[in-house]
There are 2 protein chains.
Amino acid sequence: MRSASEGVQPTLLGVLEVEEWRRCAHQMVDFIADYYRDIARFPVRSQVEPGYLAPLLPNEAPENPETLDDVLADVQTKILPGITHWQSPSFFAYYPSNASTAGYLGEMLSGGLSIVGFSWISSPAATELETIVLDWLGKLLRLPKQFLTCEGGTGVIQGTASEAVCVVLLAARQRSKAAQIAGVAANLRVIPTDSSTSFALSPSALRKALAEDTANGYMPFFLCGTLGTTSSAAVDPLSELGNIAQEHGMWFHVDAAYAGNACICPEFRHYLDGVEWADSYCMNPHKWLLTNFDCSTLWVKHPKSLMDALSTRPEVLRNKATDANAVVDLKDLQIPLGRRFRSLKLWFVMRLYGASGLRNYIRSHVSAAQHFESLVKTSDRFEMVAPRSFSLVCFRLKPREVDTESGNILNATLLEAINSRGECFLTHTILDGAYTLRLAVSSSRTELQHVMDAWAVINQEADRLLSTS
Amino acid sequence: MRSASEGVQPTLLGVLEVEEWRRCAHQMVDFIADYYRDIARFPVRSQVEPGYLAPLLPNEAPENPETLDDVLADVQTKILPGITHWQSPSFFAYYPSNASTAGYLGEMLSGGLSIVGFSWISSPAATELETIVLDWLGKLLRLPKQFLTCEGGTGVIQGTASEAVCVVLLAARQRSKAAQIAGVAANLRVIPTDSSTSFALSPSALRKALAEDTANGYMPFFLCGTLGTTSSAAVDPLSELGNIAQEHGMWFHVDAAYAGNACICPEFRHYLDGVEWADSYCMNPHKWLLTNFDCSTLWVKHPKSLMDALSTRPEVLRNKATDANAVVDLKDLQIPLGRRFRSLKLWFVMRLYGASGLRNYIRSHVSAAQHFESLVKTSDRFEMVAPRSFSLVCFRLKPREVDTESGNILNATLLEAINSRGECFLTHTILDGAYTLRLAVSSSRTELQHVMDAWAVINQEADRLLSTS
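Residues numbered from 1 in each chain as written. Chains lettered and ligands numbered in written order. Predicted model: local features only at pLDDT ≥ 70, side-chain atom pairs only at ≥ 80, totals over all residues. Heavy atoms only, no water.

- Looking up chain A in an unreviewed UniProt entry gives the name Tyrosine decarboxylase, with the organism given as Riccia sorocarpa.
- Listed under Cofactor (unreviewed entry) in UniProt, the entry text for chain A is "pyridoxal 5'-phosphate". (UniProt positions renumbered as here; feature names shortened; annotations may be inferred.)

## Some thoughts on the interface of chain A and chain B
- Every contact between the two is made by 134 residues of chain A and, on the other side, 134 residues of chain B.
- The largest share of the area that chain A buries against chain B comes from Val15, Trp21 and Arg351 of chain A, three residues that together contribute 7% of it.
- The interface formed by chain A and chain B includes 12 salt bridges.
- Notably, a salt bridge pairs Asp30 of chain A with Arg22 of chain B, separated by 2.9 Å at the nearest N-O pair.
- In this assembly, chain A and chain B are joined by 53 residue pairs in polar contact (both at pLDDT 80 or more).
- Put simply, the parts of the chain that give the side of chain A that touches chain B at least two residues each are α1 (18-37), α2 (68-79), α3 (101-113), α4 (124-140), α5 (161-175), α10 (320-323), α11 (343-378) and β8 (427-431) of chain A. (Contact = heavy atoms within 4.5 Å. Buried area = accessible area lost by both parts, 1.4 Å probe. Salt bridge = Lys/Arg side-chain N within 4 Å of Asp/Glu carboxyl O. Polar contact = N/O pair within 3.5 Å; in protein donor to acceptor, adjacent residues only side chain to side chain. Helix = DSSP H or I, 4+ residues; strand = E, 2+ residues; numbered from the N terminus.)

## Structural notes on helix α5 (residues 161-175) of chain B
- Here α5 of chain B is 15 residues long and its end C-alpha atoms lie 21 Å apart, about the 21 Å a rise of 1.5 Å per residue gives.
- Those residues of α5 of chain B not exposed but buried are Ala161, Glu163, Ala164, Val167, Val168, Ala171 and Ala172 of chain B. (Expected span 1.5 Å × (residues − 1). Buried < 20%, exposed > 50% of the residue type's maximum accessible area, 1.4 Å probe, protein only.)

## Focus on the packing of α1 of chain A against helix α1 (residues 18-37) of chain B
- The interhelical angle for the contact between α1 of chain A and α1 of chain B, taken along N-to-C directions, is 165°, at an axis separation of 9 Å. Relative to α1 of chain B, the element α1 of chain A lies roughly antiparallel. Considering the relative orientation of α1 of chain A and α1 of chain B, their crossing is right-handed. Together, Val18, Trp21, Arg22, Ala25, His26, Val29, Asp30, Ile32, Ala33, Asp34, Tyr36 and Arg37 of chain A of α1 of chain A and Val18, Trp21, Arg22, Ala25, His26, Val29, Asp30, Ile32, Ala33, Asp34, Tyr36 and Arg37 of chain B of α1 of chain B make up the contact between the two elements.
- Taken together, the residues of the contact of α1 of chain A with α1 of chain B break down into 14 nonpolar, two polar and eight charged. (Axes fitted to C-alpha atoms, helices over the stretch in contact; angles between N-to-C directions. Parallel < 35°, antiparallel > 145°, perpendicular 65-115°, else oblique. Left-handed = near helix turned anticlockwise from the far one by under 90°. Nonpolar A, V, L, I, M, F, W, Y, C, P; charged D, E, K, R; others polar.)

## Let's talk about the confidence of the model for chain A
All names here are of chain A.
- Per-residue pLDDT for chain A averages 92, and the proportion of residues at 70 or more is 96%.
- Counting interchain partners and residues more than four positions distant, the pLDDT-below-50 stretch residues 1-7 has nine contacts.
- Contacts of residues 178-182 to residues separated by more than four positions or lying in other chains number nine contacts, the stretch itself having pLDDT below 50. (pLDDT = per-residue confidence, 0-100.)

## Points about the domain arrangement of chain A
All names here are of chain A.
- Per the domain assignment, the segments of chain A are domain 1 (4-82) and domain 2 (99-469).
- Here domain 1 and domain 2 have C-alpha centroids that lie 33 Å from each other.
- Taken together, the contacts link nine residues of domain 1 with 10 residues of domain 2.
- The junction of domain 1 with domain 2 conceals about 730 Å² of combined surface from both sides, 55% of it contributed by carbon and sulfur atoms.
- Between Glu416 and Arg45 there is a salt bridge, with its nearest N and O atoms 3.2 Å apart. (Domains from an automatic or database assignment.)

## Digging into the relation of the copies chain A and chain B
- When chain A is fitted to chain B, the residual RMSD is 0.0 Å, and the transformation amounts to a turn of 180° plus an axial shift of 0.0 Å. In short, the pair behaves as if placed about a two-fold rotation axis.
- When the interface residues of chain A are mapped onto chain B, 100% of them again fall at the interface, so both copies present the same face. (Least-squares fit on C-alpha atoms with pLDDT ≥ 70 in both.)

## Details of the nonpolar core
- Core analysis: the biggest nonpolar cluster contains 239 residues, and Phe348 of chain A together with Phe348 of chain B have the highest contact counts within it.
- No fewer than three residues from each of domain 1 (4-82) and domain 2 (99-469) of chain A sit in this core.
- Excluding residues that lie within four positions of it along the chain, Phe348 of chain A makes contacts with Ala102, Leu105, Gly106, Leu109 and Tyr353 of chain A together with Met28, Leu68, Val71, Leu72 and Val75 of chain B. (Core = buried A, V, L, I, M, F, W, Y, C linked by side-chain atoms within 4.5 Å.)

## Description of the state of the cysteines
- One pass over the structure, following the stated rule, counts zero disulfides over all chains.
- Free of any disulfide, Cys166 of chain A has its nearest neighbouring cysteine sulfur in Cys166 of chain B, separated by 7.6 Å.
- For the unlinked cysteine Cys295 of chain B, the closest cysteine sulfur is that of Cys282 of chain B, found at 10 Å.
- Take Cys295 of chain B: its relative accessible area is 0%, and that puts it in the buried class. (Disulfide = S-S within 2.5 Å.)

## Some details on the UniProt feature "modified residue: N6-(pyridoxal phosphate)lysine" (unreviewed entry) in chain A
- As recorded in UniProt, the sites labelled "modified residue: N6-(pyridoxal phosphate)lysine" (unreviewed entry) are Lys287 of chain A.
- Apart from residues lying up to four places away in sequence, Lys287 of chain A is in contact with Tyr95, Pro96, Ser97, Asn98, Ala257, Tyr258 and Asn261 of chain A.

## Thoughts on the pairing of strand β8 (residues 427-431) of chain B
Residue and element names in this part refer to chain B.
- By the criterion of burial, β8 is predominantly enclosed, with four of the five residues buried.
- As defined by bridge partners, β8 adjoins strand β9 (residues 434-440) across five bridges and the pair is classed as antiparallel. Bridging across to β9, Thr429 finds its partner in Thr436.
- Hairpin connection between β8 and β9: a loop of two residues separates the two successive antiparallel strands, and Asp432 in this loop has a positive phi of roughly 50°. (Pairing = 2+ DSSP bridges.)

## Concerning the side chain of Ser122 of chain A
- Take Ser122 of chain A: it is sitting in the loop between α3 and α4.
- Exposure remark for Ser122 of chain A: the relative accessible area of 0% places this residue in the buried category.
- Here Phe118 of chain A takes part through its backbone nitrogen, which lies 3.3 Å from a polar atom of the side chain of Ser122 of chain A.
- Among residues more than four places away in sequence, those in contact with Ser122 of chain A are Val116 and Gly117 of chain A together with Thr84, Trp86 and Tyr94 of chain B.

## A word on the pattern of salt bridges
- Evaluated as defined, the whole model comprises 70 salt bridges over all chains.
- Arg421 of chain A is the partner of Glu423 of chain A in a salt bridge, and the nearest nitrogen-oxygen pair spans 3.0 Å.
- Here Glu423 of chain A falls in the partly exposed class, since its relative accessible area comes to 43%.
- For Arg421 of chain A, a relative accessible area of 26% corresponds to the partly exposed category.
- Sharing partners across several salt bridges, the network here consists of Glu19 and Arg22 of chain A together with Asp30, Asp34, Arg37, Asp38 and Arg41 of chain B.

## Side note on unusual backbone geometry
Residues and elements named next belong to chain A.
- Cis geometry marks the peptide bond from Phe293 to Asp294, where omega comes out at 0°.
- Checked against the element boundaries, Asp294 lands in the loop between α8 (285-288) and β5 (296-300).
- With a phi angle near 45°, Tyr94 is a residue other than glycine that sits in the positive phi range.
- Counting through the fold element by element, Tyr94 comes out in the loop between α2 and α3.

## Some remarks on the sheet that holds strand β5 (residues 296-300) of chain B
Residue and element names in this part refer to chain B.
- Spatial ordering of the open sheet is given by β1-β5-β4-β3-β2, a layout of five strands whose pairing is mixed. Each end of this open sheet is capped by a strand with a single partner; those strands are β1 (154-158) and β2 (222-226). Neighbour-to-neighbour, the strand axes of the sheet open up by a mean angle of 20°, direction not taken into account.
- Sheet topology places β1 next to β5; five bridges connect them, and they run antiparallel. Following the sheet pairing, Thr154 is matched in β5 by Val300.
- Here helix α9 (residues 303-310) sits on the sheet and contacts β1, β3 (251-255) and β5; the angle it forms with β5, its principal contact strand, is near 105°.

Set out below in structure tokens:
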């Protein structure tokens, strides 16, 4: 790259001059590809201190244009040190946020077309492709047909699973017979789970809570079951929960943000059994199906319930196709008005990898997690804290004393020691009171070797900790 | 491009193999640049019929990978006909959705890094850059200092202005003294406007509504003022509204999604007078500040109000910096958990164009709209329906009969005739009962000539219509 001080590179000529756009975009492609090539050079978890960036940047926007070389030099020296590298093959924290070549290409095209697909006429292809690819994905998951367009259901892409749950909650509230329902959040019931059910929701605990609420004059109208909890990827018994929801006339939503993606493989599909009871089903291809963030897919059996709660028809958006009810305007199935053409990336992913490629990808992660699980299980000093589910392993260093607190401090100290090295990044949770390390096989570039390297780092830090404590 | 039938291009080797990623991304850059180069060949408003796409695509995802050439060939022949070309220089519909070279480069980098910036530690640069560039932009707008970090305020990027208003509504509800407030939407008060105030909200009408509501036992807690309405870009009298809000202890939100961007120019800044009364201020750089969708900037004086309503601290997200309250986690200022690194594109835009370039851009659009306004005003058969504001012109063909209905049919027919030609795309609204054409100078590539070409099309279709009717 030319140095800015040579003054060779001009500032941008126009706000969207075609050949300049082409040249700059090619330069950015190389910048990003070089970043991927060199990603192992960076500590996986950023090691900067709070407030590091402000002293490095001016207090005000520049009055006059700067060159792209100037900006990219700042990205390299000032921004990248503050990045936690989610695309590093040694990122095992939280849950994955998948990037892939196909997903990125779809995202590039979506950004390039730069349409806003709130209504059908604002770009018919955006609405129609979204419906089609969500049917494709629904078929790969073998979702009940009522979720597919052929039987009156539909899929719609949301930004995140939180947005999806907001949307269906509003629909459920609208559908419920209570004309006036006070603030929903205040009446949210969180039902505790424990290791007796591997942290899945217990149907008997649910029945008890429903009986209490009903006796107290509340009208439960919404039940959320989870396939793959955030903490430990626990799987709720969907069939039983669905039955209970139906008995009580409740909307049943299944949140399968992470683990649902695995259900494109026949050997994992049984986890979805019971989804036939659900009114809505959500999973995030941006978590584990190679589709760059954001792309959260929501299917509903009765799109009209969403439209009743969310539809708006301001005059400025009226048009022949909408007035004729010939089309669905996707703005009526989400909270915001604006929306990007996100189905492109899902379409690219499904076509460029094929269903077989996607299944292989899921299996490679699960297989790497199984290997890690076997290392934990054959180790003398580590133990599993919950059963391994999918590509997530919950484990800890066995405490030497019986009190919970010292075991928790030991594992928290171990985790910080691991992450401060920068060679890999894991996070934690608390299960039944126990501070637990979570290793999620995450990145689209993670191979078995990266998992084994992480195991080596974990053991080195455990050695050091146990020898000094 | 090679033809797929030659079978030269292989399918993707890996999900993120660096040199393959580089090669494919370069290919996509050229595809998009060629699209921009050739954009005038497409009808601006897509002319397809509802349901056009399903017969062109398979019913199921492919089992095996396809090549990028295959997919791009389908984009060209099957998707682009279904696109309404928001980036065409002859797109004058709705409000703009800006794309620019700088905005796209920032979006590319954001997608390339592919981090999820929910908490500070999940990528410190994402949180810190967002705060810094929103201070930069706040200073360009000369927002009151209480909105900037130096005085305890903060800016935060949301997806859309709808999300921003949801967020502040929740904060306002939380802040309000009413312990139990019933469903907010049911009690939304829409206060009608008319041409007597150029469609701005009348303070006396607001006072009357507040008095009625209070007398009826309601407790108004939230007032939304608009700078640049969707219909006609009307500007509410912010100072007077702010005063009233304060008298009643209401949260005052200013939604300036489109027109607020113009306030970076000193000659337009007076429209923002009164924002000093606001608790929150929102505008969309993705509408009119060269920042690719989505990027809606929200500033609040008291971030704690948002956190009180929205903060979550699940164990899996706990970390040293958060526990020490050394940082703000931006997830606590929005509804979803996940979030992209959107400040990069705003940073790229401000640096690569400079404040001077951004002001010139706004002025060039306003100037083109002024020219169009003068054409309407000097025409015998067209008339303005509302005063021109910013880059939006609301006009219509003068009805030959006095009844409203025939004038409305005339203009609706005219609009459909214009848009069916595909040379430009305008939309409409209804103002005081009158069907009104809206020409919004929109695209980052619109020049005066495109506006004059649109005027010619409008007149040709008016000729045809008046000669046959």
